[in-house]
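Spelled out from the first residue to the last, the chains are:
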Amino acid sequence: MYDVKSLKAEEFINHEEILATLEYAETNKNNKELIEEILEKARPKKTGRGVECAGLSHRDASVLLACDIPEMTEKIYTLAKEIKENFYGDRIVMFAPLYLSNYCVNQCVYCPYHIQNKEIPRKKLTQAEVEKEVIALQDMGHKRLAIEAGEDPINNPIEYILECIKTIYSIKHKNGAIRRANVNIAATTVENYRKLKEAGIGTYILFQETYHKESYEELHPAGPKHNYAYHTEAMDRAMEGGIDDVGLGVLFGLDKYKYEFAGLLMHAEHLEAVHGVGPHTISVPRLKRASDIDPTQFDNGIDDDTFAKIIACIRISVPYTGMIISTRESEECRKKVLKLGISQISGGSRTSVGGYANEERPHDTEQFDVSDQRTLDEIVKWLMEGGYIPSFCTACYREGRTGDRFMALCKVGQIQNCCHPNALLTLQEYLQDYASPETRKIGEELIDREIVKVPDEKRREKALDYLEKIRKGERDFRF
Ligand code: SAM
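All figures in this text were calculated on a predicted structure; none of them were measured in a lab. (Residues numbered from 1 in each chain as written. Predicted model: local features only at pLDDT ≥ 70, side-chain atom pairs only at ≥ 80, totals over all residues. Heavy atoms only, no water.)

Here's the deal with the overall build of the protein chain
Moving on, step 1. A count of helical and extended segments in the protein chain gives 20 helices and 11 strands.
Moving on, step 2. Taking 23 Å as the expected radius of gyration for a compact globule of 479 residues, we find that the protein chain reaches 21 Å, a close match to that expectation.
Moving on, step 3. When its C-alpha atoms are laid out on the principal axes, the protein chain stretches across 60 × 55 × 40 Å.
Moving on, step 4. Taking contacts inside the protein chain between residues at least 6 apart in sequence as the whole, the part at least 24 apart equals 75%.
Moving on, step 5. By element, 49% of the accessible surface of the protein chain is carried by carbon and sulfur atoms, the whole surface being about 18900 Å².
Moving on, step 6. Taken as two groups, the 65 positive and 78 negative side-chain charges of the protein chain have centres that lie 5 Å from each other. (Helix = DSSP H or I, 4+ residues; strand = E, 2+ residues; numbered from the N terminus. Rg over C-alpha atoms; globule rule 2.2 N^0.38 Å. Contact = heavy atoms within 4.5 Å. Areas by Shrake-Rupley, 256 points an atom, 1.4 Å probe, with all protein chains shown as cover. Lys, Arg positive; Asp, Glu negative; His and termini not counted. Charge placed at Lys NZ, Arg CZ, Asp CG, Glu CD.)

Written out as structure tokens, the structure is:
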């Protein structure tokens, strides 16, 4: 039976409830009146505390996703853009993945790390190699990483991951620093989540891959990841271990996207109902070609238009949840979805273990083909030319604004006085230390134009002072 507050996977991600949701959505997908009503419910509203958005239930959101009346789809896009504009503005947070180890005991049939793949050399970074990778990432300008590793209790035990985190945070090369390390490792115990929290991680990210239990079990035929309940209940254990920023995701292409979409929102509703805080981020990876993986072998791939609609509907449904897109997607696709709700993108990524320290992009241990192969500098420039503000900000988590405290900031409309100057300060650091002359010129003009938009006068003056100090060589200011 469906119970949003249950701690059992099959009750909070309830198959019958998803089927009933999909049926409801199908029945109402041409019901203009209902769709208008749903859009109205989700619209940003002025309240005593500022501008707030109510979000949508998985049922309402599924009606929007199913709707194929072009005029209504346009309205969905317009609302998604409006919500994005309200809470995220033009800022796009930058990050890069760091692959620590591709040793893995699982058999995920879509992932080249699966234990039976003899085509890829197995590699695990030593601490000296982690240091090299981090220096290379810092020299690109990155301040925020997502750590990735296969699941292998012998080769990649939690102690190894913790040691790597310690190394990552300890390295200060020139003006560089990694100020936030998010972690994407397999589902683990409350005790291990507590250790990750103590190590100072940012978000704990774990993709569900698919919410469809039967498919899940077929796609993960053996190994610890085979256990659907253990995997699906991981975020509850993470929160019990004290981590309050968690990141959800589905690997689109494995099962039917409408099913996944409903499951994803039910998962978000569950976290909110049980822990009082929804997911910090949602990632939307799509299945890609990789060593011994042919994505055409999977029947449920989605085209770019459907992908864009999913992103817009997520933006409307969970307005306070950041949305992440990786270099799995091409420049063209990224351009299209940025305005619909994406708030974080990776740049200059290498998905191979030890990939950054090499001059040439190595392919032998790549987790998947990277579509967007531009450098970080090219992406930063491209974003600014497109009207966005690339941000290297990590302030919220370092100021203790995690979980519901970050959402509170959104709700009281302090973003323009907080996130906006923080984005500009970190962009200034980037321009100063890492940008090409052309990128720097575009960036400095952008900062001059944008800094005057900080509404609070005192805050604006302080930000101008910080900018001046950064230009003179000081670093790491934040609100
Ligand atoms: N091993 C960890 C786990 O089991 O959750 C996480 C690390 S794994 C390197 C990160 C993610 O890559 C997986 O959760 C999966 O969604 C994604 N992935 C795996 N194979 C992929 C492929 N062929 N194309 C795109 N993404 C893929």
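Brief notes about helix 6 (residues 127–140)
Moving on, step 1. Compared with the 20 Å implied by 1.5 Å per residue over 14 residues, the 20 Å span of helix 6 between its first and last C-alpha is a close match.
Moving on, step 2. All of the buried residues in helix 6 are Gln127, Val130, Glu133, Val134, Ala136, Leu137 and Gln138.
Moving on, step 3. Gly141 lies just past helix 6 and shows a positive phi near 120 degrees. (Expected span 1.5 Å × (residues − 1). Buried < 20%, exposed > 50% of the residue type's maximum accessible area, 1.4 Å probe, protein only.)

Focus: the pairing of strand 9 (residues 322–325)
Moving on, step 1. Side chains Gly322 and Ile324 of strand 9 all project onto a buried face; the interleaved residues Met323 and Ile325 project onto the opposite face, where all are buried too.
Moving on, step 2. Here strand 8 (residues 281–283) pairs with strand 9 via three bridges, running parallel. Within strand 9, the position partnered with Thr281 by the bridge is Gly322.
Moving on, step 3. With helix 13 (residues 304–317) bridging strand 8 and the parallel strand 9, this β-α-β connection has right-handed handedness.
Moving on, step 4. Note that the unit made of strand 9, helix 14 (residues 331–338) and strand 10 (residues 344–346) has a crossover that is right-handed. (Pairing = 2+ DSSP bridges. Right-handed = clockwise from strand over helix to strand, strands pointing away.)

A short note on the site of the ligand
Moving on, step 1. For the ligand, the set of nearby residues contains 18 residues, the closest of which are Tyr110, Ala149, Glu209, Lys225 and Lys288.
Moving on, step 2. Side-chain polar atom of Lys225 to an oxygen atom of the ligand: 2.9 Å apart, as the coordinates give it.
Moving on, step 3. One nitrogen or oxygen atom from the main chain of Lys288 is found 2.9 Å from a nitrogen atom belonging to the ligand.
Moving on, step 4. For the ligand, whose free accessible area comes to 580 Å², the fraction covered by protein is 97%.
Moving on, step 5. Here the residues of the shell around the ligand sort into nine nonpolar, three polar and six charged. (Near = heavy atom within 4 Å. Polar contact = N/O pair within 3.5 Å; in protein donor to acceptor, adjacent residues only side chain to side chain. Nonpolar A, V, L, I, M, F, W, Y, C, P; charged D, E, K, R; others polar.)

Thoughts on the state of the cysteines
Two cysteines whose sulfur atoms are joined by a covalent bond form what is called a disulfide.
Moving on, step 1. Within the structure shown, the criterion is met by zero disulfides.
Moving on, step 2. This cysteine, Cys313, is not joined by any disulfide, and Cys67 carries the nearest cysteine sulfur, 8.4 Å off.
Moving on, step 3. Considering cysteine sulfurs only, Cys313 is the nearest to Cys333, which forms no disulfide, with 15 Å between them.
Moving on, step 4. The class for Cys333 is buried, based on a relative accessible area of 4%. (Disulfide = S-S within 2.5 Å.)

Brief notes about the side chain of Arg475
Moving on, step 1. Along the polypeptide, Arg475 turns up in the segment after helix 20 (457–471).
Moving on, step 2. The class of Arg475 is buried, set by a relative accessible area of 18%.
Moving on, step 3. Separated by 2.8 Å, the side chains of Arg475 and Asp433 make a polar contact.
Moving on, step 4. Within the local environment of Arg475, its side chain forms a polar contact with the backbone oxygen of Ile470, the two atoms lying 2.9 Å apart.
Moving on, step 5. Aside from chain neighbours lying at most four places away, what touches Arg475 is Asn175, Glu429, Gln432, Asp433 and Ile470.

Section: the pattern of salt bridges
Moving on, step 1. Evaluated as defined, the whole model comprises 33 salt bridges.
Moving on, step 2. In this structure, Glu444 engages Arg440 in a salt bridge whose closest nitrogen and oxygen atoms are separated by 3.8 Å. A residue pair is termed a helical-turn pair when its members lie 3 or 4 positions apart in one helix, as Glu444 and Arg440 do in helix 19 (residues 437–451) at four residues.
Moving on, step 3. Among the residues examined, Glu444 registers a relative accessible area of 22% and is labelled partly exposed.
Moving on, step 4. Assessed through its relative accessible area of 30%, Arg440 is described here as partly exposed.
Moving on, step 5. Here the salt bridges share partners, and the residues they tie into one network are Arg179, Arg398, Glu399, Glu429, Asp476 and Arg478. (Salt bridge = Lys/Arg side-chain N within 4 Å of Asp/Glu carboxyl O.)

Here we look at the side chain of Asp236
Moving on, step 1. Mapped onto the secondary structure, Asp236 falls in helix 11 (residues 234–240).
Moving on, step 2. Of the buried charged residues, Asp236 lacks a salt bridge, with Arg237 as the closest side chain of opposite charge at 7.3 Å.
Moving on, step 3. Sequence-distant contacts of Asp236, that is, excluding residues within four places in its chain, are made with Leu7, Phe12, His270, Leu271, Val274 and His275.

Let's talk about the environment of His420
Moving on, step 1. By the element assignment, His420 lies in helix 18 (residues 415–433).
Moving on, step 2. You can call His420 buried: its relative accessible area is 2%.
Moving on, step 3. Taking C-alpha positions, His420 is 10 Å from Pro455, a pair spaced 35 residues apart along the chain.
Moving on, step 4. If near-sequence neighbours (up to four positions away) are discounted, His420 is found in contact with Arg91, Ile389, Ile415, Glu450, Lys453 and Val454.

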